[in-house]
Amino acid sequence: MSSPFRIAVINDEVSQDFERSCDVIAKEFGLEWIELRGMWNKNLLHLDGKEVGEARRILEKYKLRVTDIASPLFKVDWPGAPKSQYSPTGAQFNADFTYDQQDEVLERSIELAKVFQTERVRCFDFWRLEDAAPYRAAINEKLLAAAGAAGKKGITLLLENEPACNTSTAAESAKVLAEVKSPYLLLNWDPGNAASRGEKVYPEGYALLPKERIGHCHCKDVAKKPDGKNYDWAAMGRGIVDWTGQFAALKRDGYRLAVSLETHWRGAGTAEESTRQSWAGMKDELQKAGAL
């Protein structure tokens, strides 16, 4: 499949059965790239040696290359700050690490990146605070230190703008990137996430971003709920994000890294069928943008 981008799908958006995910992504969708988050009802970081070996065997069988490790790094409360209203009571994507375990999370993520032959690890900006200003400088220092530690091992961190975290929009992403000046901290740009916070992501939000600091792109869509205020996930091409424009702009601006489908929408009943329909929409948007 000819594209300027590394077109991928996050594996557990299809199935917790890793071989089934790879079969759909490689054979049915015709893709060569995959993003790893969890499998067999385990977060990737919890896999044992035998399971990691089996995952590698399956990837080789389907000739799939890994874009990045979709780690839960820094998806925790910031210590000493009021508990975030977004802080979950249970595990998310089978990850339940504490702040004190974050150095281990980083180390394990880097180890897995090496094993799966990728140089990129996704991270976050801590659960969202009502007022992050008193803690911002310290958080930035933590991000900078983590990026430095990763960089020494040949790994780049990808900071995802996430609605439930302190960096959720393009505007917030641009601010943090300006303050954390490291070649080993890039942005995992997620227009769908930013749109769910009410930001007009393209072209307005995208225009704010330093293009040379975009290191990954997650693809999902959102639609407004009937109340006109809140948002629901949508299949790609059925929501409010101008993905055709966004893909065309990324291509124009020289972006040549991953565009990875993170479906989230479950309107087709199952994860697999929902991702199948969302991929059909994403493929159409890529073609309209001249990127496929």
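Anything mentioned here points back to the structure above.
Everything quoted here is computed from the prediction, not taken from an experiment.

Caption draft 1: Inspection of the environment of Ala 178 at higher detail. Following the sequence through the fold, Ala 178 ends up in helix H5 (residues 170-179). Once the C-alpha coordinates of Ala 178 and Leu 157 are considered, the two residues, 21 residues apart in sequence, prove to be 15 Å apart.

Caption draft 2: Representation of helix H9 (residues 271-288) within the structure. Taking 1.5 Å of rise per residue, 18 residues should cover 26 Å, and H9 covers 26 Å from first to last C-alpha, within 8% of that figure. Check the buried side of H9 and you find it contacts strand S1 (6-10), helix H1 (18-28), strand S9 (214-219), helix H8 (243-252) and strand S12 (258-261). Looking one or two residues past H9, Gly 290 carries a phi angle of roughly 70°, positive in sign.

Caption draft 3: Fine view of the nonpolar core. Formed by 83 residues in total, the largest nonpolar core has its most connected members in Leu 36, Phe 116, Leu 157, Trp 189, Phe 247, Val 259 and Met 282. Residues within four places of Leu 36 in sequence aside, it is in contact with Asn 11, Phe 18, Leu 44, Leu 59, Val 66, Asp 68, Ile 69, Ala 70 and Phe 116.

Caption draft 4: Examining the pairing of strand S8 (residues 185-189) more closely. With five of five residues buried, S8 is to be regarded as a mostly interior element. In this structure, strand S7 (residues 156-160) lies alongside S8, joined through four bridges in parallel fashion. Bridge pairing links Glu 160 to Asn 188 in S8. Running through H5, the crossover from S7 to the neighbouring parallel element S8 is right-handed. The pairing of S8 with S9 spans three bridges and is parallel. Within S9, the position partnered with Trp 189 by the bridge is Cys 217.

Caption draft 5: Looking closely at empty space enclosed by the protein. The final tally for this structure, using the stated rule, is one cavity of 30 Å³ or more. Taken as a whole, the largest cavity encloses approximately 30 Å³ of empty space. Around the largest cavity, the lining residues are Arg 6, Thr 67, Arg 120, Gly 215, His 216, Leu 257 and Ala 258. Class assignment for the residues of the lining of the largest cavity results in two nonpolar, three polar and two charged.

Caption draft 6: Quick peek at the pairing of strand S2 (residues 33-36). Alternating positions in S2 separate into two faces, Trp 33 and Glu 35 on one and Ile 34 and Leu 36 on the other, with burial throughout. Note: S1 against S2, three bridges, orientation parallel. By the bridge assignment, Ala 8 is partnered in S2 with Trp 33. What joins S1 to S2 is H1, and the crossover it makes is right-handed. Of the strand pairs in this sheet, S2 and strand S5 (residues 65-73) are connected by three bridges, and their pairing is parallel. Each bridged residue has a counterpart across the sheet, and for Leu 36 the counterpart in S5 is Ile 69.

Caption draft 7: Inspection of the packing of H1 against helix H2 (residues 49-61) at higher detail. Look at H1 against H2: their axes get within 10 Å of each other, and the N-to-C directions meet at 20°. The orientation of H1 relative to H2 falls into the category roughly parallel. As for how H1 packs across H2, the hand of that crossing is right-handed. Only Ala 55, Arg 57, Ile 58, Leu 59 and Lys 61 of H2 make contact with H1, whose side of the interface consists of Phe 18, Glu 19 and Cys 22. Its residues assigned to classes, the contact of H1 with H2 comprises five nonpolar, no polar and three charged.

Caption draft 8: Fine view of the pattern of salt bridges. Under the definition given, this model contains 27 salt bridges. The salt bridge partner of Arg 57 is Glu 19, with a shortest N-O separation of 3.8 Å. In this pair, Arg 57 sits in helix H2 while Glu 19 sits in helix H1, placing the two residues 38 residues apart along the sequence. For Arg 57, a relative accessible area of 40% puts it in the partly exposed group. The partner of Asp 190 in a salt bridge is Lys 220, and the shortest N-O contact between them spans 2.5 Å. Here Lys 220 lies in the loop between S9 and strand S10 (221-224) and Asp 190 lies in the loop between S8 and helix H6 (191-195), a separation of 30 residues in the sequence. Taking the relative accessible area as the measure of exposure, Asp 190 reaches 0% and is therefore buried. Judged by relative accessible area, which is 1%, Lys 220 ranks as buried. A network of salt bridges, in which partner residues are shared, links Asp 12, Glu 13, Arg 37, Asp 190, Lys 220, Glu 262 and Arg 266.

Caption draft 9: How the structure looks around the layout of surface pockets. If you add up the space inside the largest pocket, you get close to 670 Å³. Where the lining of the largest pocket is concerned, the elements lending two or more residues are S5, helix H3 (102-115) and strand S11 (231-234). For the lining of the largest pocket, the class distribution of residues is 16 nonpolar, eleven polar and ten charged. Put simply, the second largest pocket is a space of about 340 Å³. For the second largest pocket, the lining is made up of 16 residues, of which Arg 65, Val 66, Phe 116, Gln 117 and Thr 118 are closest to its centre. Only H2 and S5 provide two or more residues apiece to the lining of the second largest pocket.

Rules and cut-offs
Residues numbered from 1 in each chain as written. Predicted model: local features only at pLDDT ≥ 70, side-chain atom pairs only at ≥ 80, totals over all residues. Heavy atoms only, no water. Helix = DSSP H or I, 4+ residues; strand = E, 2+ residues; numbered from the N terminus. Expected span 1.5 Å × (residues − 1). Contact = heavy atoms within 4.5 Å. Core = buried A, V, L, I, M, F, W, Y, C linked by side-chain atoms within 4.5 Å. Buried < 20%, exposed > 50% of the residue type's maximum accessible area, 1.4 Å probe, protein only. Pairing = 2+ DSSP bridges. Right-handed = clockwise from strand over helix to strand, strands pointing away. 1 Å grid on protein atoms, 1.4 Å probe; cavity = no way out; pocket = protein on both sides within 12 Å on 5 of 7 lines; lining within 4 Å. Points joined across faces, edges and corners; volume = space filled by probe spheres on them. Nonpolar A, V, L, I, M, F, W, Y, C, P; charged D, E, K, R; others polar. Axes fitted to C-alpha atoms, helices over the stretch in contact; angles between N-to-C directions. Parallel < 35°, antiparallel > 145°, perpendicular 65-115°, else oblique. Left-handed = near helix turned anticlockwise from the far one by under 90°. Salt bridge = Lys/Arg side-chain N within 4 Å of Asp/Glu carboxyl O.

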